[in-house]
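Reading the structure
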Amino acid sequence: MIQITHIRPASGRVAATFAAVVGDLALSGCALVRRDDGFTLSLPRIGSPSRPAPLNAAQLVTLENAAVEALRGASEVPSVPASLRR
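Predicted model only: the values in this text are computed from it and were never measured.

Calculation notes
- Residues numbered from 1 in each chain as written.
- Predicted model: local features only at pLDDT ≥ 70, side-chain atom pairs only at ≥ 80, totals over all residues.
- Heavy atoms only, no water.
- Pairing = 2+ DSSP bridges.
- Helix = DSSP H or I, 4+ residues; strand = E, 2+ residues; numbered from the N terminus.
- Axes fitted to C-alpha atoms, helices over the stretch in contact; angles between N-to-C directions.
- Salt bridge = Lys/Arg side-chain N within 4 Å of Asp/Glu carboxyl O.
- Buried < 20%, exposed > 50% of the residue type's maximum accessible area, 1.4 Å probe, protein only.
- Core = buried A, V, L, I, M, F, W, Y, C linked by side-chain atoms within 4.5 Å.
- Contact = heavy atoms within 4.5 Å.

In this sheet, strand β2 (residues 14-22) lies alongside strand β1 (residues 2-9) in antiparallel orientation, the contact comprising six bridges. Bridge pairing links Arg 8 to Thr 17 in β2. Across seven bridges, the pairing between β2 and strand β3 (residues 25-35) is antiparallel. By the bridge assignment, Phe 18 is partnered in β3 with Cys 30. Count of turn residues in the β2/β3 antiparallel hairpin: two residues, of which Gly 23 carries a positive phi of about 65°.

Dropping the structure here:
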């Protein structure tokens, strides 16, 4: 299970920062980075000595897709019905 929390949209090359829980591993300080062909993830290093987060390829793809969907949800502005506009 993957859960994205504390997503903060940003401008520039970094599209958003967020925290994620992948299984029983909590990752704070993740970033979704814009590329010409889409997005890529930047994940924090963990432990001492530090090492990459122990995620397999399927988990990385699922985490990236979940982060992109969360960013789209955080960026959407609800539409205001015409009857409420001035």
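A word on the sheet that holds β2. One open sheet accounts for four strands, arranged β1-β2-β3-β4; its pairing is antiparallel. Since the sheet does not close on itself, it has two edges, and those belong to β1 and β4 (38-42), each with one partner. If you compare each strand with its neighbour and ignore which way they point, the axes differ by 30° on average.

With that out of the way, let us pick up unusual backbone geometry. Residues Ser 48 and Pro 49 are joined by a peptide bond in cis, for which omega reads 0°. You can see Pro 49 is positioned in the loop between β4 and α1 (57-75). One non-glycine residue, His 6, lies in positive phi territory at about 50°. Relative to the helices and strands, His 6 resides in strand β1.

Quick look at the pattern of salt bridges now. Throughout the structure, instances matching the rule amount to two salt bridges. With its nearest N and O atoms 3.2 Å apart, the salt bridge here joins Asp 37 to Arg 35. What makes Asp 37 exposed here is its relative accessible area of 63%. Glu 69 is paired through a salt bridge with Arg 72; the nearest N and O atoms lie 3.2 Å apart. Remark: Arg 72 and Glu 69 occur in helix α1; sequence separation between them is three residues, near one turn of the helix. With relative accessibility at 47%, the residue Arg 72 sits in the partly exposed group.

Take the environment of Pro 9 next. By the element assignment, Pro 9 lies in strand β1. Taking the C-alpha atoms as reference points, Pro 9 and Leu 71, 62 residues apart in sequence, are found 6.7 Å from one another.

This paragraph deals with the nonpolar core. The biggest cluster of nonpolar side chains holds 16 residues, and the ones touching the most others in it are Phe 18, Leu 27, Leu 32, Leu 41, Leu 55 and Leu 63. Going through the elements one at a time, β2, β3 and α1 are the ones with two or more residues in this core. Looking at this core element by element, the count peaks at five residues for β2. Those residues in contact with Leu 32, other than ones at most four positions away along the chain, are Arg 13, Val 14, Ala 15, Ala 16, Phe 18, Phe 39, Thr 40, Leu 41, Glu 64, Ala 67, Val 68 and Leu 71.

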